[in-house]
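As a plain string of letters, each chain reads:
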Amino acid sequence: MANNWWEIQVLCDPALEDSIFWRLENFGCRGMATELKGHSCLISTYLPQERAQMLDLSALSLLLRQDALAIGLPTPAMQWNLIEEEDWAISWKKHWHPQEIGDRFLIYPAWLPLPEQCDRLLLRLDPGAAFGTGAHATTQLCLEALEMRLGFDPSDSGVQVADIGCGSGILSIGALLLGAGKAYSVDIDPLAVRAARRCRELNKIAESKMLVKLGSVERVKQLIEEPVDGIICNILAETILDLIPEMDHICKPSTWGIISGVLLEQAKPVADTLEQHGWVVATLWRRQDWCCFNIRRS
Ligand SMILES: C[S@@+](CC[C@H](N)C(=O)[O-])C[C@H]1O[C@@H](n2cnc3c(N)ncnc32)[C@H](O)[C@@H]1O
């Protein structure tokens, strides 16, 4: 069976070679090689694609930068790309299976025949190259947080949510399946926008109920007629820190938020920034190295 691989390259100060090797090895990388490039060292290694998602690789890159900063060395530059001749979108389908998340959801690959019986909310996906299969801890935390928020009250049908960084649209679709009335789903990646529209169709959701647009918080601001009831945002902490001030423009005193994509060690600056912008962190959930903030306006 053919596999795709992440090819990871790190250009670093030679003094960092050992610690970077250690990090990469612990991450599950194989076949490491180094070569000198002028005064720098280029480490190349490979990781089976199913072992990591982009968010994990971004987190690894951040960790390498932090290691270097801690000992006063120049920060390394890490880049990665998928390699394999065959079309990986076809290849990874073989590895992706239905997955139960929380108490309510069954994430279900689009290409499988529908189950005859199912007592869960069937969330059908064909994310292609976009993030959001439900396999990542942060996506799971957000879906579970949505379960706590929605689905108990018939008035949820009036609830409007903004899904910032929607990827495949998994969280918007989850919110709508739980009873929310409308989702504004935005992403800066055109591939994600295409995938989210495809997944909207797969789940037979009307376009008017799930607006999928290229952009970010500012795009939601243009689309909405009134502030949203809920904000869902699963992006890396660095981006979230930039987006928090923007969120003020789309919320009202009763707006709640579900914020994830944050590594545990980044929780404090994110919590501080949220508080500075009028949010109260009601609960902080963790899974593996990741956390999810359940927030509300103060
Ligand atoms: C970790 S994925 C989350 C996907 C999906 N919401 C989930 O929970 O699985 C983050 C997504 O945010 C998008 N993104 C990154 N920066 C963004 C920004 N400033 N505004 C909107 N989307 C952004 C990326 O393109 C990516 O699709």
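Owing to the predicted nature of the structure, the values given are computational and were not obtained by experimental measurement. (Residues numbered from 1 in each chain as written. Predicted model: local features only at pLDDT ≥ 70, side-chain atom pairs only at ≥ 80, totals over all residues. Heavy atoms only, no water.)

1. A word on the overall build of the chain
So the rule is basically this: Helical segments are the DSSP runs of H or I of at least four residues, strand segments are the runs of E of at least two, and each set is numbered from the N terminus. All radius of gyration figures rest on C-alpha atoms, and the globule criterion is 2.2 Å times the number of residues raised to 0.38. The buried label applies to any residue whose accessible area, calculated with a 1.4 Å probe on protein chains only, is under 20% of its type's maximum; exposed applies above 50%, and partly exposed to all values in between. The contact criterion used throughout is that any non-hydrogen atoms of two residues lie within 4.5 Å. Here, Shrake-Rupley sampling with a 1.4 Å probe gives the accessible areas, and only protein chains in the shown set may cover a residue. For this count, His and the chain ends are skipped, Lys and Arg are scored as positive, and Asp and Glu as negative. By convention, charge coordinates are those of NZ in Lys, CZ in Arg, CG in Asp, or CD in Glu.
Broken down by element type, the chain carries nine helices and 14 strands. Whereas a compact globule of 298 residues would reach a radius of gyration of roughly 19 Å, the chain reaches 20 Å, a difference of no more than 12%. With the principal axes as the frame, the chain shows a C-alpha extent of 65 × 50 × 30 Å. In the chain, which comprises 298 residues, the proportion classed as buried is 49%. A fraction of 66% describes how many contacts in the chain between residues 6 or more apart in sequence connect residues 24 or more apart. Surface exposure of the chain reaches about 14100 Å², of which carbon and sulfur atoms provide 51%. One finds the centroid of the 27 positive side-chain charges in the chain at a distance of 6 Å from the centroid of its 39 negative side-chain charges.

2. Notes on the nonpolar core
For clarity, the threshold we go by: Nonpolar cores are built from buried Ala, Val, Leu, Ile, Met, Phe, Trp, Tyr and Cys residues. Side-chain atoms within 4.5 Å join them into one set.
Leu 143 and Leu 146 are the most contacted members of the largest nonpolar core, which has 33 residues in total. For this core, the secondary-structure elements that each account for two or more residues are β6 (105–109), β7 (121–125), α4 (137–149), α5 (170–177), α6 (190–202), β10 (210–214) and β12 (251–263). When neighbours within four sequence positions are excluded, Leu 143 is seen to be in contact with Ile 101, Phe 105, Ile 107, Leu 123, Ile 170, Leu 171 and Gly 174.

3. Concerning a negative patch on the surface
So the rule is basically this: Patch rule: a residue counts if its relative accessible area is over 30% and it has no salt bridge; like charges are joined within 9 Å, and nonpolar side chains (Val, Leu, Ile, Met, Phe, Trp, Tyr) within 5 Å. Think of a salt bridge as a Lys or Arg side-chain nitrogen and an Asp or Glu carboxyl oxygen that are within 4 Å of each other.
A cluster of acidic side chains, namely Glu 218, Glu 238, Asp 242 and Glu 246, defines a negative patch on the protein surface. No other element matches the three residues that helix α8 (residues 237–247) contributes to the negative patch. Along the chain, the position of Glu 218 falls in helix α7 (residues 217–223). A residue is classified by how much of its surface remains accessible, and Glu 218, at 42% relative accessible area, is partly exposed.

4. A look at helix α9 (residues 267–276)
Note the threshold: Each C-beta atom gives one direction from the helix axis, and the arc is the one those directions make.
Within the sequence span of α9, burial applies to Ala 267, Val 270, Ala 271, Thr 273 and Leu 274. Looking straight down α9, one finds that the buried residues subtend no more than 165° of arc, so they occupy a single side. Away from its buried face by more than 90 degrees, α9 exposes Lys 268 and Gln 276. Structurally, α9 contributes buried residues whose contacts are with α8, β12, β13 (279–287) and β14 (290–297).

5. Observations concerning the domain arrangement of the chain
Applicable threshold: Domains are outlined according to an automatic or database domain assignment. Classification used: nonpolar for Ala, Val, Leu, Ile, Met, Phe, Trp, Tyr, Cys and Pro, charged for Asp, Glu, Lys and Arg, polar for all others including Gly.
Looking at the chain, the domain boundaries give domain 1 (5–89) and domain 2 (125–297). Between the C-alpha centres of domain 1 and domain 2 there is a distance of 30 Å. At the junction of domain 1 and domain 2, the tally comes to zero salt bridges. Tallied by class, the residues present in the side of domain 1 that touches domain 2 amount to five nonpolar, three polar and two charged.

6. Side note on the pairing of β10
Note the cut-off: What makes two strands pair is DSSP finding at least two bridges between them.
Pairing of strand β9 (residues 182–187) with β10, which is carried by five bridges, proceeds in the parallel orientation. When the sheet's bridge partners are listed, Ala 183 is paired in β10 with Met 210.

7. Overview of the pattern of salt bridges
By the definition in use, this model includes eight salt bridges. With a closest N to O distance of 2.8 Å, Asp 229 and Lys 252 form a salt bridge. Here Lys 252 lies in strand β12 and Asp 229 lies in strand β11 (residues 228–234), a separation of 23 residues in the sequence.

8. A closer look at the sheet that holds β6
Stated formally: Here the axes come from fitting lines to C-alpha atoms, over the contacting stretch only for helices, and the angles between their N-to-C directions go from 0 to 180 degrees.
Pairing is mixed in the open sheet, where three strands are placed in the order β5-β6-β7. Each having just a single partner strand, β5 (99–101) and β7 make up the two edges of the open sheet. Between one strand axis and the next, the sheet turns by 30° as a mean value, whatever way the strands run. By the bridge criterion, three bridges tie β5 to β6 in an arrangement that is antiparallel. Bridge pairing in β6 links Gln 99 to Ile 107. Against the sheet, α4 contacts β5, β6 and β7, and its axis sits at roughly 50° relative to β5.

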